[in-house]
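Chain and residue survey
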Amino acid sequence: MAHILIIDDDQDILRLLEFSFKRSGHSVSISSNGVQALTQAEIENPDLIICDVMMPKMTGYDFCKQARSKPQFRETPIVIFSARFQPIDRQTALDAGATDYLAKTVAPDVLVSRIEELLPKNTAPTLGKTVGLFSMKGGTGVTSLAVNLAIALKLVHKTSTILADLASVGGHAALMLGVRPTSSLPKLLSTDEPNFTLEMIQPHLVDHSSGVQLLASLPVFSEAVFPKNRLEPLIQCLKSTFDFTVLDVPHLLESPSSPVVALLDKIILVLSPDMPSIQSTVIALQGLARLGVDEHKINLVVNQIVPHHSLPLQTIQKVVKRPVLMAVPFEPEMVRAANSGKPLLLANPQTPAAAAIGKLVDTLFK
Amino acid sequence: MNTVRRTSSGRVTADFFTSSYRFSASIIVYKRRLVDVLADRMTDYLDIVDIYISRINAPGDIIATYQKGSLVKNEIIFILLSDESEGISKERFYTTRDDIPLFISVPSFEILGQLKWGTKELDIKKLLLADTQNFLPVSEVTATNSLMPTVKFQGPMALVNKTKVQVLCGLNP
């Protein structure tokens, strides 16, 4: 079963297609114009989009172009379905980024079977990829990157994605996602069962509208000790349950984070382009080496958190003696996104910083 | 219902061609066929809705859209339909006829297609003058722009404005 978004200003055609696809076992949502459909698609993240050409406010071609400019829809099949049935119309649709073009002369059952051929097969990467982001120095934007990375993974791969905020208290992932958690990671870790199951974890998760599930940090101060021996089995369970687990790891390589590092498939070491952060990164790299972490797992990401006075990338690479995987440019909208509880990737997906995060996902799990 | 093109609202979408423009638009025909709406002598205009305008030299690009408009029937050179039945009057639909190949020259276009014709010898004058309908139904159509031959339009049926015909050539059945 797939989720299909159908966009057409003709209510009769919308009803006919909705009926046809629902009868074939798919879930369907409809929209009568392209502008509204863009917002709807961002929220629903459909597996496939069927779009008319001749619509008020925005033509199907313009919808295609705008959708393709968002990382979320780069791979989503978009089928133009139009009464304009000339070969030149097909070419115009393909030039605009459509996956295929079907004329409205086609019978509904033929349309359904053609669409089903285009639905993405299970192209998801191997289950249980875990990526942890951390920095030895605070204030480098680790949580912002973790939140946006989780959303990018969800949007691009369309598979189950969890973001776990491993800060024992006062983590900001929930705030940045604009959600109010009713439970937290420490509460989950305090359960008595030796092993974790999805049924145990589920009540402690918060659903975000992007589809990412959040395991939040404790939102209030507590002196309770973080049971570090429980973190390892929890992450094992997350790995076996979710396609992607993104961990926002506290910035110290001390317990309880250190056992977690060994379980990660990818480590993103976040640094800002200034000397203190570079120095901390050198120390973090030494620490990771001492923990026996495979250096191929480690990826450096420079997050430019201030607009000016940044050290050049070449200087950073020379000092840390490693290549930088990605540089996320300064983005003033990042602060607004944090303030509004709507992550940059959803609020301003066309910004260079959002594009860099999208590219990071491609580079990490290509 | 065979296709999703014509829905219960009685709305038909077609491409209307003048010598310089392609208008993709809908027309409310209710239970009639488009050819019968065109033959309505009560009005010289054709009310169209949801109009998407393209220039002939770039017929895939939509340069403007409007919600409603009127086409002067006599200024239409031909109409391209996605469904053959829309081009044949209900009164004639069940008549047995043979297809004969046609070449028609109209301003800016040359049209190749098939004409539904009976068993008698083709009488071109009669075809162009005597019929009550101003638009000639031609099936399996390819319309080529005579100045830009790479610009071609194809469809199962076209309605060609008889008053715009410069030359019509055909073969006997």
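See above for the structure.
Parameters at a glance
- Residues numbered from 1 in each chain as written.
- Chains lettered and ligands numbered in written order.
- Predicted model: local features only at pLDDT ≥ 70, side-chain atom pairs only at ≥ 80, totals over all residues.
- Axes fitted to C-alpha atoms, helices over the stretch in contact; angles between N-to-C directions.
- Helix = DSSP H or I, 4+ residues; strand = E, 2+ residues; numbered from the N terminus.
- Left-handed = near helix turned anticlockwise from the far one by under 90°.
- Contact = placed C-beta atoms within 7 Å.
- Nonpolar A, V, L, I, M, F, W, Y, C, P; charged D, E, K, R; others polar.
- Pairing = 2+ DSSP bridges.
- Parallel < 35°, antiparallel > 145°, perpendicular 65-115°, else oblique.
- Buried ≥ 20, exposed ≤ 12 C-beta atoms within 10 Å, placed from the backbone.

Looking now at the packing of helix α12 (residues 275-290) of chain A against helix α13 (residues 313-320) of chain A. All names here are of chain A. For the pair α12 and α13, the least separation of the axes is 10 Å and the interaxial angle reads 35°. When the axes of α12 and α13 are compared, the crossing they make is right-handed. Residues I278, T281, V282 and L285 of α12 touch α13, and the partners they reach there are I316, V319 and V320. Looking at side-chain class alone, the contact of α12 with α13 contains six nonpolar, one polar and no charged residues.

Residue and element names in this part refer to chain A. As summarised here, the arrangement of the five strands in space is β2-β1-β3-β4-β5, forming an open sheet in which the pairing is parallel. Both edges of this open sheet fall to β2 (27-31) and β5 (100-103), since each of them pairs with a single strand only. Taking the axes of each pair of neighbouring strands and ignoring which way they run, one obtains an average angle of 20° across the sheet. Where strand β1 (residues 3-7) and strand β3 (residues 48-51) come together, four bridges link them in parallel fashion. Counted as the bridge partner of L5 is I49 from β3. Taken strand by strand, helix α3 (residues 60-68) contacts β1, β3 and β4 (78-82), and its axis lies near 175° from that of β4. Sheet strands touched by helix α4 (residues 87-95): β4 and β5. Its angle to β5, the strand with the most contacts, is close to 145°.

Right, let's get into the interface of chain B and chain A. Contact residues are listed per partner, giving 19 residues for chain B and 22 residues for chain A. Elements that contribute at least two residues to the side of chain B that touches chain A include exactly β3 (45-55) and β9 (152-161) of chain B. Residues of the side of chain B that touches chain A, tallied by class, amount to five nonpolar, ten polar and four charged.

Residues and elements named next belong to chain A. Looking at where V246 falls in the secondary structure, it is placed in strand β10 (residues 244-248). Along the backbone, V246 and K266 are 20 residues apart, and their C-alpha atoms lie at a distance of 9.6 Å. Contacts of V246, omitting those with residues within four sequence positions, involve V131, A146, L149, A150, L153, T161 and L163.

A word on the packing of helix α1 (residues 11-23) of chain A against helix α5 (residues 108-118) of chain A. Residue and element names in this part refer to chain A. Remark: α1 packs on α5, axes separated minimally by 10 Å, with the N-to-C direction vectors making an angle of 60°. The orientation of α1 relative to α5 falls into the category oblique. In this structure, α1 crosses over α5, and the sense of that crossing is right-handed. For the pair α1 and α5, contact is made by L16, L17, S20 and F21 and by P108, L111 and V112, respectively. Residue composition of the contact of α1 with α5, grouped by class: six nonpolar, one polar and no charged.

Okay, unusual backbone geometry next. Positioned with a positive phi, K57 of chain A is a non-glycine residue whose angle comes to about 75°. Structurally, the position occupied by K57 of chain A is in the loop between β3 and α3. Judged by the 14 C-beta atoms lying within 10 Å of it, K57 of chain A is partly exposed. Here E140 of chain B, not a glycine, exhibits a phi torsion of approximately 45°, which is positive. Take E140 of chain B: it is sitting in strand β8 (residues 135-145).

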